[in-house]
Amino acid sequence: MNHELPPRDRMLRAFTDRDASFEGVFFTAVLTTGIFCRPTCSARKPLPENVEFYATSRAALLAGYRPCRRCRPLRPVGESPDWLQPLIDAVDKRPSHRWRDVDLRAVGLDPTRVRRWFQHNHGMTFHAYSRARRLGAAMGRIQEGKQVSRTAFEAGYESLSGFGEALKQLAGSAPTAASDATIVTVTRIPTPLGPLVAGVTDGAIVLLEYADRPMLPTQFKRLAKALKCVFVPGEDPLLAELTSQLEAYFEGERADFDLPISTSGTDFQERVWAALRKIPSGVTRSYADIARAIGQPTAVRAVARANGDNRIAILIPCHRVIGSDGKLTGYGGGLWRKKRLLEIEAAAEQMELV
């Protein structure tokens, strides 16, 4: 698979500035140490003349470089580090536990380090994350018919009023109305192109967006309005299967997905998104092609807007739509990601032909 790298001077600036937007675009190899790193590696920067750039970790490995132990370039971007994974597992096993700083210190973790990692990777502190998990578990029990008072105390709240206020902030309603709320379980999925935020409810995927996409908060608001839902971090069998299929996709081992999805758009958007799902892997279509496919050949701009409003990246392959002149245009995750996705699919199709 051939990847086109950005200009060398641009990559040098990105590496020097630790520019996270270049994660997945290139890897930096250092001649004097024999190691290769992510663009964001915090290690001391080498002299420019001692730096080589590679588009993939595989290319760097084949060139004889070994992976940096500090930035772990072989790991998907966004994956939990080794030192934190036991805590993540503990929260998953005991979502109702009320975590405090003393608990973190008891397992050998610095609360400040944990807080910084969660703020950087999830946009919230660890305590906010664990509270959301705790409230999500509580809402699930209420929806199963459990008493509100019993649920509140099992969730670690010392009073019904405190529980009610916390739940109201999360769901926008009192505990007695929680049984009617729709819960969307969300998680971050590490990938070679950066972490994705995924959401599922009622056995269907309703959200799959790049974590750094500027439009992500807007998508959350639109989805909350459409589904009258609340978002709670957690695990779900469908999220696990989505993660597995995405891993196979990025490895070039599968081209299509067999996962249930649920969209909530206008009639026009739904027709556009349905047309996108009919584009075969390894194939591109223009916005004009999609407009003709839905029977509205003059609605090219409206098709482009609907393409941009897609909340389920990759599975609804809006990255397969290009300009009429063959140029890559208009991808919310960044044109470099669009290019890589098309390269991954083209390579997978060639492998099928061999």
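Note that the structure is a prediction, hence the values are computed from the model and not measured. (Residues numbered from 1 in each chain as written. Predicted model: local features only at pLDDT ≥ 70, side-chain atom pairs only at ≥ 80, totals over all residues. Heavy atoms only, no water.)

Undergrad: Any chance you could explain empty space enclosed by the protein here in plain terms?
TA: It is a probe the size of a water molecule, rolled over the atoms, that shows where empty space is left. Counted by the stated rule, this structure contains two cavities of 30 Å³ or more. Empty space within the largest cavity amounts to approximately 90 Å³. Around the largest cavity, the lining residues are Glu209, Tyr210, Arg213, Asn307, Gly308, Asn310, Ala313, Cys318, Gly330, Tyr331, Gly332 and Gly333. Looking at the lining of the largest cavity, the elements that each hand over two or more residues are β7 (204-210) and α13 (300-308). Its residues placed into classes, the lining of the largest cavity shows four nonpolar, six polar and two charged. Volume-wise, the second largest cavity comes out at about 40 Å³. When its residues are assigned to classes, the lining of the second largest cavity shows four nonpolar, four polar and one charged. (1 Å grid on protein atoms, 1.4 Å probe; cavity = no way out; pocket = protein on both sides within 12 Å on 5 of 7 lines; lining within 4 Å. Points joined across faces, edges and corners; volume = space filled by probe spheres on them. Helix = DSSP H or I, 4+ residues; strand = E, 2+ residues; numbered from the N terminus. Nonpolar A, V, L, I, M, F, W, Y, C, P; charged D, E, K, R; others polar.)

Undergrad: Please clarify how the environment of Arg13 should be interpreted in this entry.
TA: Structurally, the position occupied by Arg13 is in helix α1 (residues 8-17). Taking the relative accessible area as the measure of exposure, Arg13 reaches 42% and is therefore partly exposed. Sequence separation of Arg13 and Pro39 is 26 residues, and the distance between their C-alpha atoms is 9.7 Å. (Buried < 20%, exposed > 50% of the residue type's maximum accessible area, 1.4 Å probe, protein only.)

Undergrad: How should the pattern of salt bridges be read in this particular structure?
TA: Within this structure, the stated rule accounts for 13 salt bridges. Of the charged contacts in the structure, one is a salt bridge between Arg38 and Glu23, with a shortest N-O distance of 3.5 Å. Separated by 15 residues along the polypeptide, Arg38 in the loop between β2 (35-37) and β3 (51-54) and Glu23 in the loop between α1 and β1 (27-30) bring together distant segments of the chain. Accessibility expressed as a relative area gives 9% for Arg38, which makes it buried. (Salt bridge = Lys/Arg side-chain N within 4 Å of Asp/Glu carboxyl O.)

Undergrad: Please clarify how the sheet that holds strand β8 (residues 229-233) should be interpreted in this entry.
TA: Two pairing modes exist for strands in a sheet, parallel and antiparallel, and in both the strands are linked by backbone hydrogen bonds. The mixed open sheet is built from four strands, whose spatial order is β7-β6-β5-β8. Because the sheet does not close on itself, it has two edges, and the strands there are β7 and β8. Within this sheet the neighbouring strands show an average axis-to-axis angle of 25°, counted without direction. Contacts between helix α9 (residues 216-227) and the sheet are confined to β5 (182-189), β6 (196-201), β7 and β8, with β7 contributing the most and set at about 165° to the helix. Strands β5, β6 and β7 of the sheet are contacted by helix α10 (residues 237-250), whose axis makes an angle of about 140° with β6. (Pairing = 2+ DSSP bridges. Axes fitted to C-alpha atoms, helices over the stretch in contact; angles between N-to-C directions. Contact = heavy atoms within 4.5 Å.)

Undergrad: What is the right way to look at the confidence of the model for the chain in this model?
TA: Low pLDDT marks regions whose predicted coordinates should not be analysed in detail. On average, residues of the chain score 81 in pLDDT, and 82% of them are at 70 or above. Contacts of residues 157-168 to residues separated by more than four positions or lying in other chains number 29 contacts, the stretch itself having pLDDT below 50. Here residues 170-179 scores under 50 on pLDDT; set against residues more than four positions off or in separate chains, the count is 22 contacts. (pLDDT = per-residue confidence, 0-100.)

Undergrad: Which parts of the structure should I look at to understand the sheet that holds β2?
TA: If you trace the four strands from one edge of the open sheet to the other, you get β3-β1-β2-β4, paired in mixed fashion. Lying at the two open borders of the sheet, with one neighbouring strand each, are β3 and β4 (66-67). Against the sheet, α1 engages β1 and β3, with an angle of about 105° to β3.

Undergrad: Please clarify how the packing of helix α11 (residues 267-277) against α13 should be interpreted in this entry.
TA: Where α11 meets α13, the closest approach of the two axes is 9 Å, and the angle between their N-to-C directions is 80°. When the axes of α11 and α13 are compared, the pair comes out roughly perpendicular. Counted together, Phe268, Gln269, Val272, Trp273 and Leu276 of α11 and Ala302, Val303, Ala306 and Asn307 of α13 form the full contact between these two elements. Here the residues of the contact of α11 with α13 sort into seven nonpolar, two polar and no charged. (Parallel < 35°, antiparallel > 145°, perpendicular 65-115°, else oblique.)

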